[in-house]
Amino acid sequence: MENTIRNSDRAPLPVGLYPHARKVGNLLFLSGVGPRKKDSKSIPGVELNDKGEIVYYDIETQCESVFENVRMILEDCGSSWDKLVDVQVFLTNMKDDFSSFNKVYAKYFKDIQPCRTTVEVNALPTPIAIELKCVAEI
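Residues numbered from 1 in each chain as written. Predicted model: local features only at pLDDT ≥ 70, side-chain atom pairs only at ≥ 80, totals over all residues. Heavy atoms only, no water.

Participant: Just to check I follow, could you spell out helix H1 (residues 59-76) for this structure?
Facilitator: Because an α-helix completes one turn every 3.6 residues, residues spaced three or four positions apart along the sequence face the same direction. Compared with the 26 Å implied by 1.5 Å per residue over 18 residues, the 26 Å span of H1 between its first and last C-alpha is a close match. Those residues of H1 that sit buried are Ile59, Gln62, Cys63, Ser65, Val66, Phe67, Asn69, Val70, Met72, Ile73 and Leu74. In the stretch just after H1, Gly78 is the one whose phi turns positive, near 100 degrees. (Helix = DSSP H or I, 4+ residues; strand = E, 2+ residues; numbered from the N terminus. Expected span 1.5 Å × (residues − 1). Buried < 20%, exposed > 50% of the residue type's maximum accessible area, 1.4 Å probe, protein only.)

Written out as structure tokens, the structure is:
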């Protein structure tokens, strides 16, 4: 069974020593994907203070950016949006963001409806409010 590392030239670089994705058999496992932009320290929908702490964020803008990053990784690694089968969502503020997240999610996932798990986490590795971990068919 094939087991290969895959990366995207269009998505932001991972923040650690891991690939964008790994192909195992006919499945593509994506590492956690956040809303950062490639070759930039800016994070769409996030305003930081001088200490690098979040002073304001827009969860809907971050969702849009995360979904675009996932789409690029899927395409560049041999899959596509419509082949997503499982999505794990990590939110840093479930109480305030779940409703807005669901609204944006429904626009993007209405036609494919992969399995989904959404959990709240205390923090993510960069000053972001959302991260996705996905599995897709190839």
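Participant: For this particular structure, what's the right way to read the packing of aromatic side chains?
Facilitator: Ring pairs (aromatic) are described by centroid distance and by the angle formed between their planes. One pass over the structure, following the stated rule, counts 9 aromatic pairs. With a centroid separation of 4.7 Å and 40 degrees between ring planes, the pair formed by Trp81 and Phe109 is classed as tilted. Taken together, the residues Trp81 in the loop between H1 and strand E6 (84-91) and Phe109 in helix H2 (residues 94-109) connect sequence positions 28 residues apart. In this structure Trp81 comes out as buried when scored by relative accessible area, which is 8%. The exposure class assigned to Phe109 is buried, which follows from its relative accessible area of 2%. Aromatic ring contacts, followed pair by pair, group Phe67, Trp81, Phe101, Tyr105, Tyr108 and Phe109 into a single cluster. (Phe/Tyr/Trp six-rings, centres within 6.5 Å; stacked < 30°, edge-to-face > 60°.)

Participant: Looking at this structure, I do not really get the state of the cysteines. What am I missing?
Facilitator: Covalently bonding the sulfur atom of one cysteine to the sulfur atom of another cysteine gives a disulfide. Scanning the model with the defined rule gives 0 disulfides in all. Looking at Cys115, it has no disulfide partner, and the nearest cysteine sulfur is the one in Cys134, 12 Å off. By relative accessible area, which is 0% here, Cys134 ends up buried. (Disulfide = S-S within 2.5 Å.)

Participant: Sorry, what's going on with the side chain of His20 here?
Facilitator: Among the structural elements, His20 can be located in the loop between strand E1 (3-6) and strand E2 (21-24). Among the residues examined, His20 registers a relative accessible area of 6% and is labelled buried. Engagement of the side chain of His20 in a polar contact is seen with the backbone nitrogen of Ser8, the distance being 2.9 Å. Leaving out residues up to four positions away in the same chain, His20 has contacts with Arg6, Asn7, Ser8, Ala11, Pro12, Leu13, Pro14, Phe29, Leu30, Ser31 and Ile73. (Polar contact = N/O pair within 3.5 Å; in protein donor to acceptor, adjacent residues only side chain to side chain. Contact = heavy atoms within 4.5 Å.)

Participant: I tried to follow H2 on my own but got confused; where do I start?
Facilitator: For H2, built from 16 residues, the straight-helix expectation of 22 Å at 1.5 Å per residue is missed by more than 12%, its first-to-last C-alpha distance being only 19 Å. Against strand E5 (54-57), H1, E6, strand E7 (115-120) and strand E8 (130-137) lie the buried residues of H2.

Participant: What exactly am I supposed to notice about the side chain of Lys23 here?
Facilitator: Tracing the backbone through its elements, the reader meets Lys23 in strand E2. A distance of 2.7 Å separates the side chain of Lys23 from the backbone oxygen of Gly25, its partner in a polar contact. Beyond its immediate stretch of four places on either side in the chain, Lys23 contacts Glu2, Asn3, Thr4, Arg6, Leu28 and Ile138.

Participant: How do you make sense of the environment of Leu13 when you look at a structure like this?
Facilitator: Residue position: Leu13 is located in the loop between E1 and E2. In this structure Leu13 comes out as exposed when scored by relative accessible area, which is 56%. Remark: the alpha-carbon pair of Leu13 and Arg36, spanning 23 residues in sequence, is separated by 9.0 Å. Every residue in contact with Leu13, bar those within four places of it in the chain, is listed here: His20 and Arg36.

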